[in-house]
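For reference, the chains in residue letters:
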Protein chains: 2
Amino acid sequence: MDALTTPPRKRDAAATRARILEAAQRAFSETGYSHTGIREIAGMAGTSSTLLLRYFGSKAGLFEAALTAAMPIDAVFAQPRETIGRSLAEALLDPANAVRPPLMIALAAGDPEAATIAAKVFESQTVAPVAKWLGGADGRARSLEMAMLATGLVSYLRQLPLRPPSPDEREHIVAWFAGAIQAIVDQTER
Amino acid sequence: MDALTTPPRKRDAAATRARILEAAQRAFSETGYSHTGIREIAGMAGTSSTLLLRYFGSKAGLFEAALTAAMPIDAVFAQPRETIGRSLAEALLDPANAVRPPLMIALAAGDPEAATIAAKVFESQTVAPVAKWLGGADGRARSLEMAMLATGLVSYLRQLPLRPPSPDEREHIVAWFAGAIQAIVDQTER
DNA sequence: AGGACAAGTTATCGATCGATAACTTTTTCG
DNA sequence: CGAAAAAGTTATCGATCGATAACTTGTCCT
């Protein structure tokens, strides 16, 4: 009588874990940390919340894992240094990149627990590497400035339901962002 | 037998309403929208959640009221235009200013309901007035750029539990922020 | 083949949340 | 004064959340 029901999928812990992680990245970056339930994520991954918790310990653990796995900044900073502003802007605003660290930061800021996790991961995975990439004694300050810009950009152009900027306004903003990033990168020691 | 118990305070709807509003501003800007309960706010105001709901209809209504009442940008933009960058930075980072629009924005971004309210209020109370203050056809784009910078600044220097920047780094960041704001303000039509 | 362990499901707990109803106390005003 | 309206309290509902326990089913290894 179960000829019409979907047969249960092959058991594969690694694949299930990966599906949960991917679903978590998508869900967290769409609805934020507090507003996303583990049942919802598990449902998107085709499993149950119980299994999710066994793999990741807790909702906070899952968030940390999702955040850590979503840090593909190397590709951006491998681009030519002379046009890194544009490259970063495009990477941040590409709709295909569902999960980006600054977006996660913006989404986590409202929840103390999530903010602590996000800050820790972001510090080690993004702020510190970029500071090293920049070089100089003021590397960390400039890295933080870039992070502020990036978080602001994704917050306003991807997250907040503001009245959408016109194409001209959007291009104005993106050009300004790229220029501001480039200025920080090109800056030499004072 | 109630000689030792505090006598109940005089009944004053306006004063109670004001206490609730102030408590809401403080609580929301410390723990965010989702993570702050109406019982907690009511407790800070010395009343009950029932009364809070009667005055503000719902938690979302209270948030909107708290946000609308926390928009003292006029004072900042009444300062001399030539040094508005510094003035804005100081206003945003002054610990006495517990509630600032960009901070509320940062805290609300993670919750869809709160983000919708915050975006609507911020658009009309801050983005639009600043756009008019700036003037020019690209006023709104430049206003949004300033909002991005401000949100990034308060997020990283007031909200996120990052490893705190050193005094030198902090001053580096503040000076950069003030310069970036000033550049947007001084910018003329291209 | 068969058992041991991993993978996955079902049921449920306890806490918390926003919201509502019903009630009591105080103030106000004719 | 006294009654009506406003101000405030107590009790509780229904839903949702993260988390745990107990159980069943599939897979793999000797």
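Look above for the structure.
Every value quoted in this text rests on a predicted model; they were computed, and no experiment measured them.

Caption draft 1: Spotlight on helix 1 (residues 13-31) of chain B. Residues and elements named next belong to chain B. With 19 residues, helix 1 extends 26 Å from end C-alpha to end C-alpha; this agrees with the ideal 27 Å at 1.5 Å per step. Listed in full, the buried residues belonging to helix 1 are Thr 16, Ile 20, Leu 21, Ala 23, Ala 24, Gln 25, Ala 27, Phe 28 and Ser 29. Lining the buried residues of helix 1 we find helix 2 (38-45), helix 3 (49-56), helix 4 (59-68), helix 7 (101-108) and helix 9 (139-159). Backbone nitrogen of Ala 14 and a side-chain oxygen of the N-cap are separated by 3.2 Å at the start of helix 1; the cap is Asp 12.

Caption draft 2: Spotlight on the protein's contact with DNA strand D. Looking at DNA strand D, there are 20 residues lining it, with A:Arg11, A:Lys59, B:Arg11, B:Thr50 and B:Arg54 nearest. A:Arg11 places a polar side-chain atom, nitrogen or oxygen, 2.6 Å from a base oxygen of DNA strand D. Secondary-structure elements contributing two or more residues to the surface near DNA strand D are helix 2 (38-45) and helix 3 (49-56) of chain A together with helix 1 and helix 3 of chain B. Top element by residues in the surface near DNA strand D is helix 3 of chain B. It accounts for four residues. For the surface near DNA strand D, a count of residues per class yields five nonpolar, seven polar and eight charged.

Caption draft 3: Up close: the protein's contact with DNA strand C. Residues in close proximity to DNA strand C total 20 residues, the closest being A:Ala13, A:Thr50, A:Arg54, B:Arg11 and B:Lys59. For DNA strand C, a base nitrogen lies 2.9 Å from a polar atom in the side chain of A:Arg11. Within the side chain of A:Thr50, an N or O atom sits 2.7 Å from a base oxygen of DNA strand C. Contributing elements (two or more residues each) for the surface near DNA strand C: helix 1 (13-31) and helix 3 of chain A together with helix 2 and helix 3 of chain B.

Caption draft 4: A look at helix 3 of chain B. All names here are of chain B. Taken residue by residue, helix 3 has Ser 49, Leu 52 and Phe 56 as its buried positions. Angularly, the buried residues of helix 3 cover 55° about the axis, an arc narrow enough to put them on a single face. Facing away from the buried surface of helix 3 by more than 90 degrees, the exposed residues are Thr 50 and Arg 54. Buried positions along helix 3 lie against helix 1, helix 2 and helix 4. Looking one or two residues beyond helix 3, the residue adopting positive phi is Gly 57, at roughly 80°.

Caption draft 5: Broad picture of the relation of the copies chain B and chain A. Rotating chain B by 180° and moving it 0.0 Å along the rotation axis overlays it on chain A with an RMSD of 0.1 Å. The relationship between the two copies is best expressed as a two-fold rotation axis. Of all interface residues in chain B, 100% are interface residues in chain A too; the two copies therefore contact each other through one and the same surface.

Rules of the game
- Residues numbered from 1 in each chain as written.
- Chains lettered and ligands numbered in written order.
- Predicted model: local features only at pLDDT ≥ 70, side-chain atom pairs only at ≥ 80, totals over all residues.
- Heavy atoms only, no water.
- Helix = DSSP H or I, 4+ residues; strand = E, 2+ residues; numbered from the N terminus.
- Expected span 1.5 Å × (residues − 1).
- Buried < 20%, exposed > 50% of the residue type's maximum accessible area, 1.4 Å probe, protein only.
- Contact = heavy atoms within 4.5 Å.
- Polar contact = N/O pair within 3.5 Å; in protein donor to acceptor, adjacent residues only side chain to side chain.
- Near = heavy atom within 4 Å.
- Nonpolar A, V, L, I, M, F, W, Y, C, P; charged D, E, K, R; others polar.
- Arc of directions from axis to C-beta.
- Least-squares fit on C-alpha atoms with pLDDT ≥ 70 in both.

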